[in-house]
Amino acid sequence: MALLQLKNVSLRYGSAPLLEGVDFQLADGERVCLLGRNGAGKTSLLRVIAGEEVSNSGEIIRVNGKIITRLTQEIPVGVSGTAREVIASGLPAERHEEEWETARRVESLMMAMRLPADADFAALSGGLKRRVLLARALAARPDALLLDEPTNHLDIDSILWLENYLLAQQTALLFTTHDRAFLKKLATRIVELDRGKLSSWDCDYETYLVRKEAWLEAEEKNRAAFDKKLAQEEAWLRQGVKARRTRNEGRVRALEQMRRERQRRRERPGDARFGLSVSGVSGQKVIAAEGVSFNYGERVIVSDFSTEIWRGDKIGIVGPNGAGKTTLLKLLLGQLSPSAGAVRHGTNLQIVYLDQLRAIDGEKTVAQNVAGAAETVLFQGRARHIHNYLADFLFAADRARSPAKILSGGERNRLLLAKLFLQPANVLVLDEPTNDLDAETLELLENLLVEYDGTLLLVSHDRVFLDEVCTSTLVFTADGDVREFNGGYSESLKFEVSSVGQKTADAEPQKSAADGDAKKSRRPRKFLNREQWELDALPVKIEQLEAGQERLSQQLWDPELYQKSPDKIAELKSHSAALEQEIKTAYARWEELERLRAEFRG
């Protein structure tokens, strides 16, 4: 049964509509992930569905008696009271329950999400406020739950708890997220908002990526054929009088229709193409910490921590909210003095730090936030006009002239990256850089950091991002210790990494200061366990792909296909081309992994 339906819904703020004749329905128990570029209108669509915004046209049908709640991307103003009172304010009056039932549910949520029940909401950190608001949305036991970036500011333990909680419920979900692991775990269907239109993809995320790429290629070919035909018809019309004879009036009308269709066309936004400013090379040893401890009053944050960070290391920092990740960063950077122990820096360090405060002046324009009053910026040694530079971060000229306060969460993050990457750095420090970024920008940032020659310190709760980028991980363990492991988040799962504690005895953590003598020369690029697993699996994967391609080829060579099922030919050819690309990519990855393993073995 459909809990809600949108029929031919349109919403327009400026010249181009955010929603243009959108149709959508959410069925009972369905879990739908809403994808789209930053600024495409995902939050506006959620607001329309929740009844917080009125569409310009169309019909929205909601089943009577069903409860729909929404978690907003931004923390709303005017929320007051204790954490318990804020959560309880989400309880619906129309569901008559015993007082002890609702009280137990509120207490259960607070305990599961580790919330300070009697703390004043206004005094909480941004991460804790988000968790309280999430608990408020869940407390209502809604029939449909609208979640706008629900994993923002949640630690990995909280994200895992939320995944399991939502999977155990019968609640219908419509959610946006940048967290690919969260998406893959929960989504039963994907819908995408692209240039005002909503398309539905009844498949998993990996299949969606393949099908979407094929769809975009087909769109490009169709548009190229249309433009060629339009140019031919325009040339015909310019031939003169004979084009306007009575017998050609139909052709002229068809040309006018083509012109109108071409004028209405909305081009796909380009991909971001930003880069990092180049800086001088740092010394081989970047940071050395020996026996470092730090206390806040009686509370021990870091105890007897030692490590060495070398040029080219990419270090992830993982732990529960409030464990001390940002404090550890500041200790390593020398912004805080340790209670005991010492931190030493290497030579020629140029450090650039993206912190969690995300300082943006909402009253200034996007361009002014980056360049001040100047018209140009200096990037990678040459002057660039600010509008051209911001275009690399997907800010069109009119957007660059707009006040920053109108930006979406993802656009704000892109603006911060634009400001940050102007500064030359050989040590890059990023505290939660992935929040609100769309998939394309996130993958570009991921690839940029993988190829980055400098040293990276990264705080993130994005499990896929950590696995792809990090060569080692510092983990706040359940006993309050900080331990170092080779690889990203998945590698650290072999040890005690969460507040509940998970242990195995089949491996040992990476040593830090104890094996410093072995690190006196620059360490080779590590060949990680996850890369070895990937390498081992590639021959079987390639064999399966080639077998699938052979089956498709046999179908395409079958004459009966063209006689009985000609409508399937295009789909089979598209699938075959996608498999061919997958096979090429797999072979290239195989060669790359073999090279990396050979270099590591020396």
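What you are looking at is a predicted structure, and each value in this text was computed from that prediction instead of being measured.

Criteria and cut-off values
Residues numbered from 1 in each chain as written. Predicted model: local features only at pLDDT ≥ 70, side-chain atom pairs only at ≥ 80, totals over all residues. Heavy atoms only, no water. Helix = DSSP H or I, 4+ residues; strand = E, 2+ residues; numbered from the N terminus. Buried < 20%, exposed > 50% of the residue type's maximum accessible area, 1.4 Å probe, protein only. Contact = heavy atoms within 4.5 Å. Areas by Shrake-Rupley, 256 points an atom, 1.4 Å probe, with all protein chains shown as cover. Phe/Tyr/Trp six-rings, centres within 6.5 Å; stacked < 30°, edge-to-face > 60°. Lys NZ or Arg CZ within 6 Å of the ring centre and 35° of its normal. Polar contact = N/O pair within 3.5 Å; in protein donor to acceptor, adjacent residues only side chain to side chain. pLDDT = per-residue confidence, 0-100. Axes fitted to C-alpha atoms, helices over the stretch in contact; angles between N-to-C directions. Parallel < 35°, antiparallel > 145°, perpendicular 65-115°, else oblique. Left-handed = near helix turned anticlockwise from the far one by under 90°. Nonpolar A, V, L, I, M, F, W, Y, C, P; charged D, E, K, R; others polar. Core = buried A, V, L, I, M, F, W, Y, C linked by side-chain atoms within 4.5 Å. Pairing = 2+ DSSP bridges. Salt bridge = Lys/Arg side-chain N within 4 Å of Asp/Glu carboxyl O.

A.B. asks: I'm lost on the overall build of the protein in this one. Help?
C.D. replies: When its secondary structure is counted, the protein shows 19 helices and 20 strands. Split into buried and exposed, the 602 residues of the protein put 49% on the buried side. Long-range contacts, defined as pairs at least 24 residues apart, comprise 68% of the intrachain contacts of the protein with a sequence gap of at least 6. Roughly 29800 Å² of accessible area belongs to the protein as shown, and the carbon and sulfur atoms make up 49% of that amount.

A.B. asks: Help me out: how do you make sense of the packing of aromatic side chains in this one?
C.D. replies: Here the distance between the centres and the angle between the planes together describe a pair of aromatic rings. Scanning the entire structure with this criterion turns up 8 aromatic pairs. Plain terms: the ring middles of Phe379 and Tyr389 are 5.3 Å apart, the flat faces sit at 50° to each other, and that makes the pair tilted. Of the two residues, Phe379 is situated in strand β15 (residues 376-379) and Tyr389 in helix α11 (residues 386-391); the sequence distance between them amounts to 10 residues. Residue Phe379 is classed as buried on the basis of its relative accessible area, which comes to 6%. Site record: aromatic cluster; members linked through ring pairs are Trp201, Tyr205 and Tyr208. The ring of Phe395 carries Arg414 above its face, with NZ or CZ at 5.1 Å from the centroid.

A.B. asks: How should I be thinking about the environment of Thr307 in this particular structure?
C.D. replies: Of note, Thr307 is situated in strand β11 (residues 299-310). Note on Thr307: relative accessible area 1%, which makes it buried. Distance in space between the C-alpha atoms of Thr307 and Leu474 is 9.5 Å, their sequence separation being 167 residues. Looking at Thr307, its side chain comes within polar contact range of the side chain of Glu484, at 2.8 Å.

A.B. asks: Explain the confidence of the model for the protein to me, please; I cannot follow it from the model alone.
C.D. replies: For the protein, the mean per-residue pLDDT works out to 83, and 89% of the residues sit at or above 70. Least confident of the elements in the protein is helix α18 (residues 559-564), whose mean pLDDT is 78; most confident is strand β7 (residues 172-176), at 95.

A.B. asks: Help me understand the packing of helix α7 (residues 205-237) against helix α8 (residues 249-264) in this model?
C.D. replies: Axes are the key here: two packed helices are described by the angle between their axes and the distance separating the axes. Here α7 crosses α8 at 135°, and the two axes come no closer than 10 Å. On the basis of the axis angle, α7 is oblique to α8. Remark: the crossing between α7 and α8 carries left-handed chirality. Seen from α7, the contacting residues are Phe226, Asp227, Lys229, Leu230, Glu233, Glu234, Trp236 and Leu237; seen from α8, they are Arg251, Val252, Leu255, Met258, Arg259, Glu261 and Arg262.

A.B. asks: Help me understand the packing of helix α4 (residues 126-139) against helix α5 (residues 156-168), please; the structure alone is not making it clear to me.
C.D. replies: Look at α4 against α5: their axes get within 13 Å of each other, and the N-to-C directions meet at 10°. Classified by the angle their axes make, α4 and α5 are roughly parallel. On α5, the residues that touch Arg131, Leu134 and Leu138 of α4 are Ser158, Trp161, Leu162, Tyr165 and Leu166. Grouping the constituent residues of the contact of α4 with α5 by class yields 6 nonpolar, 1 polar and 1 charged.

A.B. asks: How do you make sense of the nonpolar core when you look at a structure like this?
C.D. replies: Tyr389, Leu390, Phe421 and Leu428 are the most contacted members of the largest nonpolar core, which totals 44 residues. Tallying contributions element by element places helix α13 (residues 409-420) first for this core, with 5 residues. For Phe421, the contacting residues outside a window of four places in its chain are Phe274, Gly275, Leu276, Ser277, Phe379, Tyr389, Phe393, Leu428, Leu445 and Leu448. Counting residues in hydrophobic clusters, the runner-up holds 40 residues, among them Leu71, Ala137, Leu154 and Leu186.

A.B. asks: Explain the sheet that holds strand β2 (residues 19-27) to me, please; I cannot follow it from the model alone.
C.D. replies: Strand pairing in a sheet relies on backbone hydrogen bonds, with the paired strands running either antiparallel or parallel. On the basis of which strands lie adjacent, the open sheet formed by 3 strands has the order β2-β1-β4 and antiparallel pairing. Edge positions in the open sheet fall to β2 and β4 (57-62), since each of these has one partner strand only. If you compare each strand with its neighbour and ignore which way they point, the axes differ by 5° on average. Both strand β1 (residues 2-11) and β4 contribute to a ladder of 5 bridges, which runs antiparallel. Within β4, the residue paired with Gln5 across the bridge is Ile61. Sheet strands touched by helix α1 (residues 42-50): β1, β2 and β4. Its angle to β1, the strand with the most contacts, is close to 120°.

A.B. asks: Would you explain the environment of Thr455 in this entry?
C.D. replies: Secondary-structure assignment places Thr455 in strand β18 (residues 455-459). Distance in space between the C-alpha atoms of Thr455 and Ile351 is 9.4 Å, their sequence separation being 104 residues.

A.B. asks: Which parts of the structure should I look at to understand the pattern of salt bridges?
C.D. replies: Side chains bearing opposite charge may pair, as long as their charged atoms lie close to each other. According to the stated counting rule, one finds 28 salt bridges in the structure shown. Measuring nitrogen to oxygen at the nearest pair gives 3.7 Å for the salt bridge that ties Arg223 to Glu219. In this pair, Arg223 and Glu219 are both assigned in helix α7, 4 residues apart and thus about one turn of the helix distant. Glu219 carries the same exposure label as Arg223, and that label is buried. Measuring nitrogen to oxygen at the nearest pair gives 2.9 Å for the salt bridge that ties Arg251 to Glu233. With a gap of 18 residues between them, Arg251 in helix α8 and Glu233 in helix α7 connect regions that are remote in the sequence. By relative accessible area, Arg251 is classed as partly exposed at 36%.

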